Amino acid sequence: DGGITQSPKYLFRKEGQNVTLSCEQNLNHDAMYWYRQDPGQGLRLIYYSQIVNDFQKGDIAEGYSVSREKKESFPLTVTSAQKNPTAFYLCASRWDSDTEAFFGQGTRLTVV
Amino acid sequence: GQQVMQIPQYQHVQEGEDFTTYCNSSTTLSNIQWYKQRPGGHPVFLIQLVKSGEVKKQKRLTFQFGEAKKNSSLHITATQTTDVGTYFCEGNAGGTSYGKLTFGQGTILTVHP
């Protein structure tokens, strides 16, 4: 069954700790994205990748890092430098810039 | 850079009333996508518009792409409680850069039974 999978669904982190969110897709899509969504707000782009071993900063990249070592995987690390990391994080992928995005179920991160 | 403005930010309607959300781009778009996000869920693709002046329908939903390809609208006729959620547009300014894809802020629709 093809799709895009994010894990975990819920994540709790202590202040000062780094945490990595997983995103895996088996759709053979080249492009992958990470978005942050705050309550009642839109989607803000953190990072995107068009191809393996290449990625670009989005609008709010500070305090986040990514890697794209495999086509299927695009993990996001929320570092301790991110001042307000509590949010809903969405991963997405697409074939190319003229096609629709497929979203994962999201990870809800809470800093305690 | 490219901006996609979406209005209204919130819309509260009584069940049975109509609803419309609008997207306006600062640049001409190659295409525009619409998504729906149910409360607590993730955005799900609804439709893509490509041609100038294009109109597409999905049951009670009508999607339009402006003649100048800089604006678009989603209209829901006779809303139902199942229509509750956030509706996003995503504009593509063209070219091969994925960075030229921009989401609108979304319209949060509440339907009162």
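Right above here is the structure, for reference.
This structure is a prediction, so every number in the text was calculated from the model and none was measured.

1. Here we look at the overall build of chain B
Of regular secondary structure, chain B possesses 0 helices and 11 strands. For chain B, the N- to C-terminal ordering of α and β elements is β-β-β-β-β-β-β-β-β-β-β. For a compact globule of 113 residues, the expected C-alpha radius of gyration is about 13 Å, and chain B comes in at 14 Å, within 12% of that figure. Overall, the C-alpha framework of chain B stretches about 45 × 30 × 20 Å when taken along its three principal axes. When burial is assessed residue by residue, chain B has 48% of its 113 residues classed as buried. In chain B, 55% of the contacts between residues at least 6 apart in sequence involve partners at least 24 apart. Of the roughly 5300 Å² of accessible surface on chain B, 52% is carried by carbon and sulfur atoms.

2. What about the nonpolar core?
In terms of nonpolar packing, the biggest core is built from 20 residues, with Leu-21, Trp-34, Ile-46, Leu-76, Val-78 and Tyr-89 of chain A touching the most fellow members. At the level of elements, strand 3 (19-25), strand 4 (31-37), strand 5 (43-51), strand 7 (64-66), strand 8 (76-78) and strand 9 (87-94) of chain A are the ones that each hand at least two residues to this core. Among all residues touching Leu-21 of chain A, those that are not within four sequence positions of it are Ser-7, Leu-11, Trp-34, Pro-75, Leu-76, Val-78, Tyr-89 and Thr-107 of chain A. Val-13, Phe-19, Leu-61 and Ile-76 of chain B belong to the second-largest nonpolar core, a separate cluster that totals 19 residues.

3. Some points on the packing of aromatic side chains
Under the criterion given, the structure shown has 12 aromatic pairs over all chains. Relative to Tyr-35 of chain A, the ring of Tyr-33 of chain A has its centre 5.9 Å away and its plane inclined at 15 degrees; by these criteria the two rings are stacked. Each member of the pair, Tyr-33 of chain A as well as Tyr-35 of chain A, is classed as buried. Ring geometry for Tyr-47 of chain A and Phe-55 of chain A: centres 5.9 Å apart, planes at 80 degrees, overall edge-to-face. An aromatic cluster of three or more residues is present, and its members are Tyr-33, Tyr-35, Tyr-48 and Phe-103 of chain A together with Tyr-35, Phe-45, Phe-88 and Phe-103 of chain B.

4. Points about the state of the cysteines
All names here are of chain A. For the coordinates displayed, the defined rule picks out 2 disulfides over all chains. Across the disulfide, Cys-23 is cross-linked to Cys-91 (sulfur-sulfur distance 1.9 Å). Across the S-S bond of Cys-23 and Cys-91 the torsion is about -75 degrees, and the bridge reads as left-handed. With Cys-23 in strand 3 and Cys-91 in strand 9, the pair connects residues that are 68 residues apart, well separated along the chain. For Cys-23, a relative accessible area of 0% corresponds to the buried category.

What counts as what
- Within each chain, residue numbers correspond to sequence positions counted from 1 in written order.
- Starting at A for chains and at 1 for ligands, labels are handed out in the order in which the entities are written.
- Reporting of local features is limited, given that this is a predicted model, to residues whose pLDDT is at least 70; pairs of side-chain atoms are given and counted only at 80 or more, and all residues count toward the totals for whole chains, interfaces and linings.
- In computing side-chain properties, one takes all heavy atoms of the structure into account and sets aside hydrogens as well as water.
- What counts as a helix is a DSSP run of H or I of at least four residues, what counts as a strand is a run of E of at least two, and both are numbered from the N terminus.
- All radius of gyration figures rest on C-alpha atoms, and the globule criterion is 2.2 Å times the number of residues raised to 0.38.
- For every residue, the accessible area obtained with a 1.4 Å probe (protein chains only) is divided by the maximum for its type, and the residue is called buried under 20%, exposed over 50%, and partly exposed between those limits.
- By the convention used here, residues are in contact when the closest approach between their heavy atoms is within 4.5 Å.
- Accessible surface area values rest on a Shrake-Rupley calculation with a 1.4 Å probe, where residue burial reflects the displayed protein chains alone.
- By nonpolar core is meant a set of buried Ala, Val, Leu, Ile, Met, Phe, Trp, Tyr and Cys residues that side-chain atoms within 4.5 Å join together.
- Between 30 and 60 degrees the pair is tilted, below 30 it is stacked and above 60 it is edge-to-face, where a pair is any two Phe, Tyr or Trp rings, Trp via its six-membered ring, whose centres lie within 6.5 Å.
- Our working definition of a disulfide is a cysteine sulfur pair at a distance within 2.5 Å.

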